[in-house]
Amino acid sequence: MEIAKTYTPSEIEDKWYAEWINKNIFHSEPDDREPFTIVIPPPNVTGVLHMGHALNNTIQDILIRKARMEGKNACWVPGTDHASIATEAKVVAMLRERGIAKRDLSREQFLEYAWEWKEKYGGIILQQLRKLGASCDWDRVSFTMDEDYYNSVIKVFIDLHKKGLIYRGTRMVNWDPKAQTALSDEEVNFKEVNSKLYYIQYPIAGSSDYITIATTRPETILGDTAICVHPDDPRYYSLIGKKAIVPLINREVTIIADTYVDKDFGTGALKVTPAHDKNDYELGKKHQLQSIDIFNPDGTMSEAAQLFIGLDRFAVRKKIVPELEEKGFLVKTEDIKNNVGYSERTDVVIEPRLSNQWFLKMKDLGEPALQAIEKNNIVFHPSKYKNLYRHWMEDIHDWCISRQLWWGHRIPAWYNENGEIVVAENLEEAQKAFQTQFPAAPNKNITQDEDVLDTWFSSWLWPEEVFKGITHPGNADISYYYPTNVLVTAPEIIFFWVARMIIAGYEYKNQKPFNDVYFTGIVRDKLGRKMSKSLGNSPDMLELIEKNGADSVRFGILICSPAGNDLLYDEKLVEQGRNFSNKIWNAMRLVKGWQEQGKITAEGEDNTQAIQWFDNKLNQVLAEIETYYTDFKISEILSTIYKLIWDDFCAWYLELVKPGRDAGISIQTYDATIVFFEKLMQVLHPFMPFVTEEIWSLLRNRKENEYCIISKYPKAGEINKNTLANADRIFELINKIRGFRNENNLSPKEALELNILSTDENLHLQWESKIIKLANISSFNFIKSPMEGAKQLVIKTDEYYIPHQADINVEEEKEKINKELAYTKGFLNSVVAKLSNERFVQNAKADILEKENAKRLDAEAKIKALEEALSRLN
RNA sequence: GGGUUGUUAGCUCAGUUGGUUCAGAGCGUUGCCUCGACAAGGCAAAGGUCAUCGGUUCGAGCCCGAUACGACCCUCCA
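Residues numbered from 1 in each chain as written. Chains lettered and ligands numbered in written order. Predicted model: local features only at pLDDT ≥ 70, side-chain atom pairs only at ≥ 80, totals over all residues. Heavy atoms only, no water.

### Some points on helix 17 (residues 550-558)
- In terms of burial, helix 17 is a largely internal element, nine of the nine residues being buried.
- Taken residue by residue, helix 17 has Ala 550, Asp 551, Ser 552, Val 553, Arg 554, Phe 555, Gly 556, Ile 557 and Leu 558 as its buried positions. (Buried < 20%, exposed > 50% of the residue type's maximum accessible area, 1.4 Å probe, protein only. Helix = DSSP H or I, 4+ residues; strand = E, 2+ residues; numbered from the N terminus.)

Below, the structure is given as structure tokens:
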């Protein structure tokens, strides 16, 4: 069989994914094994796979695959959330294309379209995750609007309301005029923008005086109901209590005094618009001011504004300024930088707006969740996020959970004709509730609240309700899989989601939802810019996978993802992954070559040393990897395996044992090599599942159901440090001989004579044939004293001499030796200084002292050898 | 404004409880090599006063303080 010279991932990847699915390998059911559970951070149902998902899900897949190979019952639950704002926007857009306006539809009709959209386009991302190789249990796909899930959200709302934690209130909320809904504080992003500060003078009633205020939002003067100054500001003593006249609309407002005002900002006089500013609202409450709402829900001016009715708020700003100027009210404008809130979802400027919303009291709920992190019951990786979390939890605000949308979980609150409210699961229950709670009212026309709940109010139940832990408490799944092992997510949603899941976990399971939380970094392009749709700097994931293979994409993302730091993605890294696959592929071709040409023989070259060395090396790396896994240093694991395979296995081990052109390979060597190769594929499998499964299948004739993905993960064995150190000495010698060739422009084909002056001849004898092979040595001898007229190499206390007719540049040689001598002497001095320092000898630990003594002896021997070499050159 | 965090080779990053064979890796760069696994390759080389200043210590990339620049989060100055 001819094996292709380069590895081609596309068919191979599809083949193995289908095979794994076919064998039901990703599916998990509770049994007597230890569970290892991950719930996916549910992507938005409207989402498509981008770099962030790829990073996040590759890490989850790595952890799941590793656990599965360790014999744990690995369960990775996939799913999506319903994303009320985003989905509703998609549906509205779809309707617009069909010439249908949302306002012409009933709620029921709209929801029918929404489900149609969801069935047709929603959850594409789950298909895309398969391409990435994600080993999710696809029989367990959850959606936050599934029937049970829906019920769980309603159940929790009712329960929290019963506990007195949910209340309805009139509050200044963050209004998104585009989505036309309230948002929680967490959904508002503040951006520093260049604005203008407008100085506007208001005439004082019954006088020719003016009071000048400064504002960034001149359009809101139409809603002004007061002017506020600082009580201790002498400039305004005489004006307090008088009336000012709002320009253009001639409304008389009172000049009030409050210490809230900053005397030094602007003019020290503040216009107060209680309906459209959080602080003004507070002032308004305190001073019992009138509140005039001058905006419609879509951000246009309402009737109450009197002017510019129906015009957008920003258009009004443009129009009102010239008008104020024309009429002599505008004093001046100034450039200013200020922070403006934008909607997380629609990126429009948030309009503070007074409205009736539902809130969840967070303070008491948050307490166990704060403690969980403080006491390390849940561990954050990296731990720096602990501070961030504490900071937020200690100053937690009530959560605005209602949204003025249709797509989502409809708030189970009911109103009678008196505007009285009950909270109940359905109409029937609501009627009963009204009868007992408000028996005097007619309770005939009961209507349900029109609003839905914040999407996060459903996804905070995710780790519980994907196992139906809320709707069917105590069932077999929730008892077995909960708490889950690790959550892998982005730090951006630490408050939105992580904190709230922890809260819900303690409230409804009295138990944390996960043991560890691993926060990934932010994916940036190679210029360090955050990847975003608007910049268009995010590559098309499916194209990338198609072109390079999922393994390479996974490699490229992971190799540059230091724990908790941002990663700068560069397509070159994906190429590096592709090259790596190819390297492994070719190593396999070499090994297969031995098998197929019938080269395996009973006798053959003795490779005991090489096999022992690599066995130890492998064990050493396996142990190292284990500690990296516990520290979630995922990127380190990959680069460690990369070096192990490329440098140690391919460049050293295979070169050491590779038989000559027509020679055979011993059965012992062959078997050992296959075992090593298998172990390498196993440790790499979680990172690059496809190429490893393919190679695994080719290394031996496999039995039914004998797959790499479910093979037993190799355990680290005993490590003999001597074996490793000895091999390093030999490898260094080979390197130095190669370097000598390079420096002198000698062909690798030109064999050299090697004379060895060593106290450990036995070691050199053991490795003799390997040194001869890899360094191309023509004669291999031991000598008892330094050799004249030969190139000297010094490694620790061993000396090597290579007689060579090529001109050795004596001056250059001397300079090199002198340089090394100077360094070594300096080094020795520092060691001696240390050892003769009483305080060092007293304070340092025994093993450090021992090390220092050894350093001294080595350095002394080296200096002696170098000095001898120098004298021979003179 | 408050908080968290970072600044180590051209680039991206490792450097565990302070102890000079620890100043490292990968990529990139440079030179040589088509040698029967692999040019998506092989062999080798060059590259850093560990941001700056000061302190603690017998000893500091590592600990402490200040400065400069950056990142992120929070934030009611219109």
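There is more to say after this.
### Topic: the nonpolar core
- The biggest cluster of nonpolar side chains holds 185 residues, and the ones touching the most others in it are Leu 360, Phe 457 and Tyr 653.
- The element that contributes the greatest number of residues to this core is helix 20 (residues 634-657), accounting for 14 residues.
- Membership of the second largest hydrophobic core comes to 31 residues, among which are Ile 211, Val 229, Ile 294 and Met 301. (Core = buried A, V, L, I, M, F, W, Y, C linked by side-chain atoms within 4.5 Å.)

### A look at the state of the cysteines
- Across all of its chains, the model carries zero disulfides by this definition.
- Free of any disulfide, Cys 650 has its nearest neighbouring cysteine sulfur in Cys 708, separated by 16 Å.
- Take Cys 650: its relative accessible area is 7%, and that puts it in the buried class. (Disulfide = S-S within 2.5 Å.)

### Quick look at unusual backbone geometry
- Cis rather than trans, the peptide bond between His 381 and Pro 382 has omega equal to -5°.
- Cis peptide bonds are those with omega within 30 degrees of zero, and the linkage from Tyr 482 to Pro 483 qualifies with -5°.
- Considering the arrangement of structural elements, one finds Pro 483 in the loop between helix 14 (476-481) and strand 22 (484-489).
- Residues other than glycine seldom take positive phi values, yet Phe 632 does so here, at roughly 55°.
- Phi is positive for Asn 705, which is not a glycine, with a value near 65°.
- Within the fold, Asn 705 resides in the loop between helix 22 (689-699) and helix 23 (721-743).
- Since its relative accessible area comes to 40%, Asn 705 is described here as partly exposed.

### Topic: the side chain of Lys 386
- Within the secondary structure layout, Lys 386 lies in helix 10 (residues 385-394).
- Despite its burial, Lys 386 remains without a salt bridge, the nearest opposite charge being carried by Glu 374 at 5.7 Å.
- In this structure the side chain of Lys 386 is engaged in a polar contact, spanning 3.3 Å, whose partner is the side chain of Asn 376.
- Those residues within four positions of Lys 386 in sequence are excluded, and the remaining contacts are Ile 373, Glu 374, Asn 376 and Phe 380. (Lys, Arg positive; Asp, Glu negative; His and termini not counted. Salt bridge = Lys/Arg side-chain N within 4 Å of Asp/Glu carboxyl O. Polar contact = N/O pair within 3.5 Å; in protein donor to acceptor, adjacent residues only side chain to side chain. Contact = heavy atoms within 4.5 Å.)

### What to know about the sheet that holds strand 15 (residues 379-381)
- Read from one edge of the open sheet, three strands run 15-23-22, paired in parallel fashion. With one partner strand each, in any of the chains shown, strand 15 and strand 22 form the two edges of the open sheet. Neighbour-to-neighbour, the strand axes of this sheet turn through a mean angle of 20°, independent of strand direction.
- For strand 15 and strand 23 (residues 514-519), the ladder comprises three bridges, and the chain directions are parallel. Following the sheet pairing, His 381 is matched in strand 23 by Tyr 518. (Pairing = 2+ DSSP bridges. Axes fitted to C-alpha atoms, helices over the stretch in contact; angles between N-to-C directions.)

### Quick notes on the pairing of strand 8 (residues 210-215)
- The buried fraction of strand 8 is high, at five of six residues.
- Judged from the six bridges that link them, strand 7 (residues 188-203) and strand 8 form a sheet pairing that is antiparallel. Residue Pro 203 lies in a different strand from strand 8, and its bridge partner there is Tyr 210.

So far we have only geometry, and geometry alone does not tell us how the molecule works.
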